[in-house]
Amino acid sequence: MTRKSGGASRSTIRDVALRAGVSASTVSRVLGGAYPVSSATRTRVMRAVRDLDYVADARAKAVAGVGTPTLAFVLEDITGPSFAHMAHGVEREATRLGHLCLVCSTEGDVQHELDFVEMMRAQRAAAVILVGGSADTPEYRERTRRMADSLASAGSRLVLCGRPPLGPGAPVTVIEYDNEGGAYALVAHVLAQGHRRILFLGGKPDHTTALGRERGYLAAHRARGVDADPALLLHGDFTRDSGHRLMRQALAAELEFTAVVAATDMVAAGALTALHEAGLNVPGDVSLAGYDDIPFARDLHPALTTVHVPYEELGRLAVRTALGRTAETRAEHLLLGTHVVVRDSVRAVE
């Protein structure tokens, strides 16, 4: 027996084998469930496990490729509402399929992401799901391609969920939603209400999700024959504080606009507060729309017009697709739809 940190003895696999009258490898087979053993042998081993209060070393089981199969969900910010809903979908589907789900929040640290993915490869995780936009640079593609090849060599699978694809031949699954199309449809709806000067509160200029939504904003203007004023495109991030700050900047600069389209519902919430603080009524004085359709969007006053993204289904689909493929499966690309949810925050120009 080995000694626990508190001084009490802890049974080992050899103790279990001695009590059950079998070899240590037979105990490992019984506990791992990966090899057939007779019912009598299984009964003796499990009785010994209970008698000795034996607990298997989860790290050793992972390295050995036995025990509960694992998949990993890697995201930049676990506090983001949209990411939380995607994580919920991943966890529920993983549980349904008998997998343990590990979540890693990187806070945008590339090295942290690389280290975690390597740890998952060493532990033979069934799949690693990377979530959220990124800067689509050659460095990103090279780094992510190495991740994909490394995981595939260990029998695992890399899933890019809302991230830029890597091009042909990479052993990855790419699952996206119609990001640009959703923004196009939303801005087209606002334009159809007679608005011609629409303030856009966007994200980081090099972030692929933010860029897609900005492209949709511009494409909708072109389709309507309306010139989009570059002065009305402001950049920040996807947070409530960014929306509040950008909205105050726009008001202080006395920019002319009749409607605001925010890159996320969180940005829209911050903008709404700033408009209220300035004594402006939504939608009486200024119309406002968001993106994501997170649950609180319907509880804002007024209820927010936005774009619905099926985040939970994205998470579920990422798990189902990854676990249904082998490491030899090459590039695969799936696209989910989005749609505009019309509520009370956009009014027609009179």
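Residues numbered from 1 in each chain as written. Predicted model: local features only at pLDDT ≥ 70, side-chain atom pairs only at ≥ 80, totals over all residues. Heavy atoms only, no water.

Going by the annotation in an unreviewed UniProt entry, the name recorded for the protein is LacI family transcriptional regulator, with Streptomyces spinoverrucosus given as the source organism.

1. Digging into the sheet that holds strand β11 (residues 287-289)
This is how it is decided: Between any two strands, pairing holds if DSSP finds at least two bridges. For the purposes of this entry, the term helix denotes a DSSP run of H or I that reaches at least four residues, the term strand denotes a run of E that reaches at least two, and both are numbered from the N terminus. Axis lines are fitted to C-alpha atoms, over the contacting stretch for helices. Their N-to-C directions set the angle, which ranges from 0 to 180 degrees. The criterion used for residue contact is that any of the two residues' heavy atoms lie within 4.5 Å.
Taken together, four strands build an open sheet; the order of strands is β9-β8-β10-β11 and the sheet is parallel. Two strands bound the open sheet, and with one partner strand each, they are β9 (233-235) and β11. Adjacent strand axes in the sheet meet at a mean angle of 15 degrees when their direction is disregarded. Where strand β8 (residues 198-202) and β9 come together, three bridges link them in parallel fashion. Bridge assignment links Phe200 to a residue of β9, and that residue is Leu233. In the packing of helix α8 (residues 179-192) onto the sheet, the strands contacted are β8, β10 (259-262) and β11, and the crossing angle to β10 comes to about 175 degrees. Where helix α9 (residues 208-224) meets the sheet, it contacts β8 and β9, and its direction lies at approximately 165 degrees from that of β8.

2. Some words on the pairing of strand β4 (residues 100-105)
Going by this rule: The crossover handedness rule: strands pointing away from the viewer, path from first strand over the helix to second strand clockwise, crossover right-handed.
Sheet topology note: the strand β3 (residues 70-75)/β4 ladder contains six bridges and is parallel. Looking at β4, one finds that Val74 is bridged to Cys104. Regarding topology, helix α5 (residues 81-96) serves as the crossover connection from β3 to the parallel β4, and that connection is right-handed.

3. Some words on helix α3 (residues 39-52)
One turn of the α-helix equals 3.6 residues, which is why residues spaced by three or four share an orientation. What counts is decided by this rule: Multiplying one less than the number of residues by 1.5 Å gives the expected span of a helix. Exposure is judged per residue with a 1.4 Å probe applied to protein chains only, and the accessible area is read against the type maximum: over 50% gives exposed, under 20% gives buried, and values in between give partly exposed. This arc is taken over the directions from the axis of the helix to the C-beta atoms.
Over its 14 residues, α3 extends 20 Å from the first C-alpha to the last, a length consistent with the 20 Å expected when each residue adds 1.5 Å. By the burial criterion, the buried members of α3 are Thr41, Val45, Ala48, Val49 and Leu52. With its buried residues spanning 105 degrees around the axis, α3 presents them on a single face. Every exposed residue of α3 that faces more than 90 degrees away from the buried side is listed here: Ser39, Arg50 and Asp51. Among the residues trailing α3, Asp53 stands out with phi positive, at a value near 55 degrees.

4. Digging into α5
Counted at 1.5 Å a residue, the expected span for α5 with its 16 residues is 22 Å, and the 23 Å between its end C-alpha atoms agrees. Phi turns positive one or two residues past the end of α5, at Gly98, with a value near 80 degrees.

5. Regarding the confidence of the model for the protein
Rule in force here: The pLDDT value tells you how sure the predictor is about a given residue, anywhere from 0 up to 100.
On average, residues of the protein score 87 in pLDDT, and 90% of them reach the 70 mark or higher. Taken as a whole, residues 2-7 scores under 50 in pLDDT and shows eight contacts with residues more than four places along the chain or in a different chain.

6. Digging into the packing of aromatic side chains
Here is the rule we go by: Stacked, tilted and edge-to-face are the three classes applied to pairs of Phe, Tyr and Trp rings, where Trp contributes its six-membered ring and a pair requires centres within 6.5 Å; stacked means planes under 30 degrees apart, edge-to-face means over 60, and tilted covers the rest.
A complete count under the given rule lists two aromatic pairs for this structure. For the pair Tyr177 and Tyr311, a centre-to-centre distance of 5.8 Å together with 75 degrees between the ring planes defines the contact as edge-to-face. Here the residue Tyr177 occupies a position in strand β7 (residues 172-177), and Tyr311 occupies one in helix α12 (residues 311-323), the gap between them amounting to 134 residues. Classification of Tyr177 by relative accessible area gives buried; the value is 11%.

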